[in-house]
Amino acid sequence: MATDLTAPRTTVRPDVASIQRRTLRLLFTTQIIGGIGVTIGVAVGALLAARIAGTAMAGVAQSAGVVGAALLAVPVTRIMARHGRRPGLVLAYATGAVGGVLVVLAAATRWVPLLFLGMLLFGGGTAANLQARYTAVDLAEPARRGRQLSLIVWATTIGAVAAPNFAALADRVTSGWGLPALAGPFAFSAVAFVLAAVVLLGLLRPDPLLTARRLAAADASFAGPPPATDAPATTVAAETPAAVAPVKVRAPRAAGMRAAWSVVRGRPAARLGIAAVAVGHLVMVAVMAMTPVRIGESHADADVLRQVGIVLSLHIAGMYAFSPVVGWLTDRLGRRAVILGGVGLLLAACAVAGTAGHHTPRLSVGLVLLGLGWSGTMVAGSTLLSESVPAGVRPSVQGLSDLIMGLAGAGAAAVSGFVMQFASYPVLTLLAAVAVVPLVALALRPVPTGAPDEEG
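The rules behind these values
Residues numbered from 1 in each chain as written. Predicted model: local features only at pLDDT ≥ 70, side-chain atom pairs only at ≥ 80, totals over all residues. Heavy atoms only, no water. Helix = DSSP H or I, 4+ residues; strand = E, 2+ residues; numbered from the N terminus. Buried < 20%, exposed > 50% of the residue type's maximum accessible area, 1.4 Å probe, protein only. Areas by Shrake-Rupley, 256 points an atom, 1.4 Å probe, with all protein chains shown as cover. Axes fitted to C-alpha atoms, helices over the stretch in contact; angles between N-to-C directions. Parallel < 35°, antiparallel > 145°, perpendicular 65-115°, else oblique. Left-handed = near helix turned anticlockwise from the far one by under 90°. Contact = heavy atoms within 4.5 Å. Nonpolar A, V, L, I, M, F, W, Y, C, P; charged D, E, K, R; others polar. Expected span 1.5 Å × (residues − 1). Phe/Tyr/Trp six-rings, centres within 6.5 Å; stacked < 30°, edge-to-face > 60°. Core = buried A, V, L, I, M, F, W, Y, C linked by side-chain atoms within 4.5 Å.

Trainee: Would you take a moment to explain the overall build of the chain for this structure?
Mentor: Scanning the chain for helices and strands turns up 15 helices and 2 strands. Sorting the 456 residues of the chain into buried and exposed places 54% on the buried side. Accessible area for the chain stands at about 18900 Å²; split by element, carbon and sulfur atoms hold 69% of it.

Trainee: Mind showing me how you'd approach the packing of helix α3 (residues 85-109) against helix α4 (residues 112-135) here?
Mentor: When two helices pack together, their arrangement is given by the angle between the helix axes and the distance between those axes. The interhelical angle for the contact between α3 and α4, taken along N-to-C directions, is 155°, at an axis separation of 7 Å. With respect to each other, α3 and α4 are oriented roughly antiparallel. For the element pair α3 and α4, the recorded crossing hand is left-handed.

Trainee: I would appreciate a short explanation of the packing of helix α11 (residues 323-333) against helix α12 (residues 335-354) in the present structure.
Mentor: Between α11 and α12, whose axes approach to 6 Å, the crossing angle comes to 130°. Looking at the two axes, α11 sits oblique to α12. Residues Val326, Leu329, Thr330, Asp331 and Leu333 of α11 form the contact with α12, whose own contacting residues are Arg335, Ala337 and Val338. Taken together, the residues of the contact of α11 with α12 break down into 5 nonpolar, 1 polar and 2 charged.

Trainee: So what exactly am I meant to see when it comes to helix α15 (residues 425-444) here?
Mentor: Side chains of residues three or four places apart in an α-helix project in the same direction, reflecting 3.6 residues per turn. If you check α15, its first and last C-alpha atoms are 29 Å apart, about what 20 residues at 1.5 Å a residue would give, namely 28 Å. Within the span of α15, buried status applies to Tyr425, Leu428, Thr429, Ala432, Ala433, Val436, Leu439 and Ala443.

Trainee: I would appreciate a short explanation of the packing of aromatic side chains in the present structure.
Mentor: Note on aromatic pairs: each is described by the distance of the centres and the angle between the planes. The full count for this structure, using the stated rule, is 5 aromatic pairs. Between Phe122 and Phe186, the aromatic rings sit 5.3 Å apart at their centres with planes inclined by 65°, giving edge-to-face as the arrangement. Of this pair, Phe122 sits in helix α4 while Phe186 sits in helix α6 (residues 184-203), and the two are 64 residues apart along the sequence. With a centroid separation of 5.4 Å and 50° between ring planes, the pair formed by Phe122 and Phe193 is classed as tilted. Here Phe193 lies in helix α6 and Phe122 lies in helix α4, a separation of 71 residues in the sequence. Accessibility assignment for this pair places Phe122 and Phe193 in one class, buried.

Trainee: Hey, could you run me through the environment of Pro206 in this one?
Mentor: Following the sequence through the fold, Pro206 ends up in the loop between α6 and α7 (208-223). Each C-alpha atom of the pair Pro206 and Ile19 lies 7.5 Å from the other, and the pair is 187 residues apart in sequence.

Trainee: What exactly am I supposed to notice about the nonpolar core here?
Mentor: Generally speaking, soluble globular proteins have nonpolar side chains that are buried together. If you look at the biggest cluster of nonpolar residues, it comprises 52 residues, and the most contacted ones within it are Val283, Ile339, Leu363, Leu370, Tyr425 and Leu439. Among the secondary structure elements, those contributing two or more residues to this core are α5 (145-175), α9 (268-296), α10 (301-321), α12, α13 (360-387), α14 (394-422) and α15. Top element by residues in this core is α9. It accounts for 13 residues. Apart from the residues within four sequence positions on either side, Leu439 is in contact with Leu272, Ala275, Ala276, Val279 and Val343. Counting residues in each nonpolar core, the second largest holds 45 residues, with Leu24, Leu114, Leu115 and Met119 among its members.

In structure tokens form, the structure reads like this:
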């Protein structure tokens, strides 16, 4: 986006580069806080659910959080489409905080339905973390979109690494307050979500999405009068610098999932972006979810948790630690090239993990490749999607992507257990590799490039 402040215009343009830098710093900070909140709850969620509802329901409780994050993407992005990123992110974090409180109450009362409701709402923290990556590119220059999106994804690494250390501390501190065991981490998560929401509510000004729309409308007004439309006009100027005059911006006429799908259906690049994010997440979740079970087949109970911790830590490092490099490659080599590279890594991961047997070091290599492949499809796919649709429907399309991704991950987690029980881990990795094939075919098709038509 142009940042030239010397162009002869009757409306003074804000310093977009300065706003973007401030937005990235704020998102980076809240992503760490929110990442801690999400991970500290996930770390003990299955254990708490097993104690309250039984071991058989522990996985279902974890899946409830994934489904909650996917479903919450719908109302959150609808609010963003109308009112900007700030209220949507605040709502998502606030919902996650309510979920954390309900889980604490469920632990105290041992009421299973309340536990599942709490875990469902707890997914709001994940929904906010996911939407933050899109917020990072609203005002990004085209040549830097991949890097700036990946920077926010990378910030999650800090929270994911730090969170397990806070879990034991939170449990010890809250035990003195009369809370049951394993409830403390969720209380800590609720506090973290509230903190992130308060910071965003107070400091995410001007709103990057509203600013991007206002600038696009200003550019369009200088290019010529807009076409006639029955959509109501709204003034977007309350959150912009005082020197900037109000500009009439047409409110999106249809910001729901149906409108988002109609836009995606007509744009091959957007379809590829959503497919890359969803398929990469499906493959990653399917293989990762059953890896602890695979390790448990060959290790004693006293050793299995240590082995699982090492393997999954390496996997998480593959997912997040190298995302800035993936973002740089996305800008340097192109979105589709990095998506295909991510697909290649996912296939290599399935091959290595599926043939590792009970050799834990080789299995660790497979999980690192799995994380790297997920990072490639996530960063490049999200960047391609964001730049392939008009600004007016962009939040809804991004919400549709997160909805599909979340449901794909939840379905993969559920199905992988049955495949593991009735077949084997190598069969699971083979099926995961087969699931990548349609994405390869889609990525190899020519994708039109160019800025999307703002009128859609």
